2 protein chains.
Amino acid sequence: MARHPEVLLFDVFGTVVDWRGSLVRELGRVGRRHGVRSDWGAFADAWRAGYRPAMDRVRRGESPWRSIDELHLEILTPLAKRAGLRLRTTETQQLNAAWHRLRAWPDALAGLARLKRHFVIGTLSNGNMSLLIDLARAGRLPWDVILSAELFRHYKPDPEVYFGAAALLGLPPKDVMLVAAHKDDLAAARSCGFQTAFVRRPMENGRPLEADVADDRRCSFNADDFVDLARQLERQAR
Amino acid sequence: MARHPEVLLFDVFGTVVDWRGSLVRELGRVGRRHGVRSDWGAFADAWRAGYRPAMDRVRRGESPWRSIDELHLEILTPLAKRAGLRLRTTETQQLNAAWHRLRAWPDALAGLARLKRHFVIGTLSNGNMSLLIDLARAGRLPWDVILSAELFRHYKPDPEVYFGAAALLGLPPKDVMLVAAHKDDLAAARSCGFQTAFVRRPMENGRPLEADVADDRRCSFNADDFVDLARQLERQAR
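Residues numbered from 1 in each chain as written. Chains lettered and ligands numbered in written order. Predicted model: local features only at pLDDT ≥ 70, side-chain atom pairs only at ≥ 80, totals over all residues.

Student: Account for the nonpolar core, naming residues and giving values.
Tutor: Counting residues in each nonpolar core, the largest one holds 150 residues, and the members touching the most others are A:Ala165 and B:Ala165. Residue contacts for A:Ala165: discarding those within four places in its chain leaves A:Leu9, A:Leu124, A:Leu147 and A:Val176. (Core = buried A, V, L, I, M, F, W, Y, C linked by C-beta atoms within 7 Å. Buried ≥ 20, exposed ≤ 12 C-beta atoms within 10 Å, placed from the backbone. Contact = placed C-beta atoms within 7 Å.)

Student: Got a sec to walk through the relation of the copies chain B and chain A? Specific residues and values, please.
Tutor: Rotating chain B by 180° and translating it 0.0 Å along the rotation axis places it on chain A, where the RMSD comes to 0.0 Å. This pairing of chains is accounted for by a two-fold axis. When C-alpha positions in chain B are compared against the rotation axis, the closest is assigned to B:Val145, at 3.2 Å. Looking at the interface residues of chain B, 100% of them are also at the interface in chain A, so both copies use one shared face. (Least-squares fit on C-alpha atoms with pLDDT ≥ 70 in both.)

Student: Please set out the environment of A:Gly164 residue by residue, giving values where relevant.
Tutor: Residue and element names in this part refer to chain A. Counting through the fold element by element, Gly164 comes out in helix H7 (residues 159-168). Residue Gly164 is classed as partly exposed on the basis of its C-beta count, with 19 C-beta atoms lying within 10 Å. Taking the C-alpha atoms as reference points, Gly164 and Glu210, 46 residues apart in sequence, are found 34 Å from one another. Excluding residues that lie within four positions of it along the chain, Gly164 makes contacts with Leu151 and Phe152. (Helix = DSSP H or I, 4+ residues; strand = E, 2+ residues; numbered from the N terminus.)

Student: Can you tell me about the domain arrangement of chain A, naming the residues and giving the values?
Tutor: By a widespread convention, an interface's size corresponds to the accessible area lost as its parts come together. Residue and element names in this part refer to chain A. Taken domain by domain, chain A holds domain 1 (7-18 + 103-237) and domain 2 (19-101). Between domain 1 and domain 2, the C-alpha centre-to-centre distance is 24 Å. Across the boundary between the two partners, domain 1 contributes 19 residues, which contact 15 residues of domain 2. Among the residues forming the side of domain 1 that touches domain 2, the class breakdown is 6 nonpolar, 6 polar and 7 charged. (Domains from an automatic or database assignment. Nonpolar A, V, L, I, M, F, W, Y, C, P; charged D, E, K, R; others polar.)

Student: Quick rundown of the pairing of strand E2 (residues 120-125) of chain B? Include the residues and the values.
Tutor: All names here are of chain B. Taken across its 6 residues, E2 has 6 buried, putting it largely inside the fold. Neither face of E2 is open: one carries Val120, Gly122 and Leu124, the other Ile121, Thr123 and Ser125, and all of them are buried. For strand E1 (residues 7-10) and E2, the ladder comprises 4 bridges, and the chain directions are parallel. Within the sheet, the bridge partner assigned to Phe10 lies in E2 and is Thr123. Each parallel crossover has a hand, and for E2 linked through helix H6 (residues 129-139) to strand E3 (residues 145-148) it is right-handed. (Pairing = 2+ DSSP bridges. Right-handed = clockwise from strand over helix to strand, strands pointing away.)

Here it is in C-alpha cells:
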C-alpha cells in the first residue's frame, strides 16, 4: 500500500461542483426573463461539450493560451443565439459568469473540512484562478491552496499541469493524490506519479443510469463522496 | 477617493507574521539542545538580511531561479557554523523550515477574518508556495488565494509580480490593494497601478524605536494593524 499522501488535489468541475444542475437553473432564469423556452439541459451539455475541442486547440498549440472564461464565452455566444436568447454583451458576460457560481455537491463542504484535518487540500482544475476563487468563496470551500492549469499555461491532461503542481507544492508526485470523478484525468495524473482517488458522481451529466461509476481498480481509493473518501483514508491511517 | 478594491493582497514576512520573534524562539531551542549560546536576535537579523542580496542576484539574472527556501538554506549554513552550531544536514533542513512555522502577529487572524467578509484576501509574497501554505495552515489564516513570486519567477519589487498577480485575479491593477509594512514594496505596487495600505509593525525588527512607522501619505490607508485597517475600510464604504 502506498504511503499516505501529503496533499489532496481536487478536480473541480463535476467532482466538487455540480456544473450541470447549476447551469440549468441559471439558464432557466435567463430564459424566463426573456420569454424563451428551450431544453436547458441540452444547452448546458453543449456548453460543456464545446470546451473540450476548444481546449484541445490550445493544447495542440493551434490557438494561443485562452482561459476557460474566454473559451466558455466563445462557446456560449452562438449557443445562445441558436436557442433564441437575444442577449446584450453584458448579459452574455453575466450568464458566462454562471460558471463562477456553480454549486458544490451536498457532501463537498463537510468532506473537505474533514479531509483538511489530515491533509493539505487544494484544487487542480482547468478553470482559471479567478473562477476557482469565486467558486471557493461562494461555496465556503476551505482550500489551503488554489492551483489552476492557468498557472502552467497547459490544460489537463497535459503532464505539465500535474508535474507543475507537485513542484509548487515542493513534493515528489507520489506524495500528492488527485481526487476526481473522471477516469481520464486520474489516468494522466497516475502516469505522472500521483496517487489517485476516484469519486462517483452519478448525477454529473444528469443521466445517472449512463454514468460511469464503476470502481477504477487502478485507483488507490474509490469513494461515493468526499465524506466516504475521508472515512476510507482515516481507516487506512490507523 | 479611489473606488473600493476587489482584492486585498498581503505581503507576508513582517506584515502578517513575526519572522524575527519566531526565529529567535526556534534558534534559542536549537542552541539549548546543542549547548550553544549566541545572540539569536543578531543571528535572525543576519539570516533575514542575507536574503536581499541573494534575491537580487536572481532578480538581475546572475543566478538561476531559486526559491526562498533554497536561498534561506544557503544563508543559514555558514551562519550556523559561525555561531558554533554543528548541525547535521537534516537538522539544518529542519531549522531552515522554521520559516514555514512563523507565528502570525496577534491581530492577523481576527483582522483577516473581518476583511474577508468584504474582500477577496490573498498573499503576495516572495516566499515560495509551499512555505506560504504551511504558514497559512499553522496560523489558520483564511486566505482565499495564495499567490507567490514563485508563480512568476520574479521577486518583488519586480513589476512582473504585481502585474502577474492582477492578471491571475482577472482584474485591472487599480482594483487590487497591496497591504504591507514596507514602503518600498508599496511604492513598487503603486507604480504598477495598485492601491496601497501601509500597516505599522513596530516590532518587526525587534527595535521599535528605530522602526519606520510614520504615515506614508502616498498610501490610501495607514493602519495600526489589520483590525484597524478593516475598520477604516468599512468606514470608507459607508
